[in-house]
Amino acid sequence: MRIGALEAGGTKMVCAVGDENGQILERASIVTENPDKTMPEILEFFRQYTLDAIGIGTFGPVDLDRTSPTYGYITSTPKISWRNFNLLGSMKREFAVPIGLDTDVNASAIGEASYGITRGLDSSIYITVGTGIGVGVILDGKAVHGMQHPEAGHILLVRHPEDNYTGRCPYHPNCLEGLASGPAIEERFGVKAAELPGDSLAWEIESFYLAQALVDFTLVYSPKRIVLGGGVMHQKQLFPKIREKYREMLNHYVDTPYVKDLNNYIVPYSLDDNQGIMGCIRIGLDEMER
């Protein structure tokens, strides 16, 4: 089989073709500009191939309700030119194959669950910590949707006692994304996260917020593994700090074999950072089966 995969990001669009085993055969990266410029380039890439299906994981918010008249639209995104854009419809007009759609972070969660570090587990969470913070939740082997896709990157947090930063989220002064995203770290400390030393106060504050969030996700979703990805999580010194604070905050309230082994419960992404595009391949395959 040949499955098209589109990982639609706010900065770049990754287009790929893969097979039913998740192997990526061809790929290209396209700069995300406005739809009039970017969509023709995306369509031109996929026209080169005879495809059996296409899977899309996109930035959002995006309407995932199949009964909605705006199903497949990117909705209230801060990227103004993409607001209320019919992404799914634009693809369906060009390609007469099954086309599946989900969020970009759900695509990463699906990629890890299908081919990566959460494969074989019926419940897991993937969190991307980068320009924003997104959370993809897998329960009973399926990505969680609902009224809309979960926006768990905006859960509210208790502030670190040494953090006077006002937060960068325009909606919430103390949400996870507003306090712990890459841009929040940069605004707070004046340099990009990658340029901060390993002993910076930044990592104490960052691990405090991420550990809080992970405790909340454990209590609400009861996942069997939590995966952390995104640019900020390239700072590997964060993982032992997060695990230590998570253990203190959870305080043995949940005492399963999974959380007793935090080195295998709170883990880095796998798949060489291809989990998103590989998840899109799986989304395409699932749409065929549907």
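Residues numbered from 1 in each chain as written. Predicted model: local features only at pLDDT ≥ 70, side-chain atom pairs only at ≥ 80, totals over all residues. Heavy atoms only, no water.

Draft legend 1. Looking closely at the nonpolar core. In terms of nonpolar packing, the biggest core is built from 41 residues, with Ile-127, Leu-214, Phe-217, Leu-228, Ile-242, Tyr-246 and Ile-266 touching the most fellow members. A total of 12 residues in this core trace back to one element, the largest contributor, which is helix 6 (residues 201-221). When near neighbours in sequence (up to four residues on either side) are disregarded, Ile-266 contacts Leu-214, Ile-226, Leu-228, Phe-239, Ile-242, Arg-243 and Tyr-246. With 27 residues, the next largest nonpolar core counts Val-17, Ile-42, Phe-59 and Leu-64 among its residues. (Core = buried A, V, L, I, M, F, W, Y, C linked by side-chain atoms within 4.5 Å. Buried < 20%, exposed > 50% of the residue type's maximum accessible area, 1.4 Å probe, protein only. Helix = DSSP H or I, 4+ residues; strand = E, 2+ residues; numbered from the N terminus. Contact = heavy atoms within 4.5 Å.)

Draft legend 2. Quick peek at the sheet that holds strand 3 (residues 24-31). Strand order across the open sheet formed by five strands is 3-2-1-4-7, with mixed pairing between neighbours. Only two strands of the sheet have a single partner each, and these edge strands are strand 3 and strand 7 (99-103). Recorded for the sheet is a direction-independent mean angle of 15° between the axes of neighbouring strands. Where strand 1 (residues 3-8) meets strand 2 (residues 12-18), six bridges bridge the pair, whose relative direction is antiparallel. In the strand pairing of strand 2, Gly-4 is matched with Val-17. (Pairing = 2+ DSSP bridges. Axes fitted to C-alpha atoms, helices over the stretch in contact; angles between N-to-C directions.)

Draft legend 3. Molecular detail of unusual backbone geometry. The omega angle of the peptide bond from Gly-60 to Pro-61 is 5°, so this bond is cis rather than trans. Position of Pro-61 relative to the elements: it lies in the loop between strand 4 (53-58) and strand 5 (73-74). The backbone phi angle of Ser-222 is positive, close to 55°, even though this residue is not glycine. Note on placement: Ser-222 falls in the loop between helix 6 and strand 11 (226-229). Phi at Asn-251 takes a positive value of approximately 55°, unusual for a residue other than glycine.

Draft legend 4. Broad picture of the sheet that holds strand 8 (residues 124-129). In spatial order, the strands read 10-9-8-11-12; together these five strands make up an open sheet with mixed pairing. Unpaired on one side and paired on the other, strand 10 (142-143) and strand 12 (266-268) mark the two borders of the sheet. Helix 7 (residues 238-250) rests against strand 11 and strand 12 of the sheet, and its axis sits at about 165° to strand 12.

Draft legend 5. Spotlight on a nonpolar patch on the surface. On the surface, a nonpolar cluster with roughly 380 Å² of combined accessible area is contributed by Leu-219, Val-220 and Tyr-253. Taking the relative accessible area as the measure of exposure, Val-220 reaches 63% and is therefore exposed. (Patch = residues over 30% accessible without salt bridge, like charges linked within 9 Å, V, L, I, M, F, W, Y side chains within 5 Å. Areas by Shrake-Rupley, 256 points an atom, 1.4 Å probe, with all protein chains shown as cover. Salt bridge = Lys/Arg side-chain N within 4 Å of Asp/Glu carboxyl O.)

Keep in mind these numbers describe shape, not what the thing actually does.
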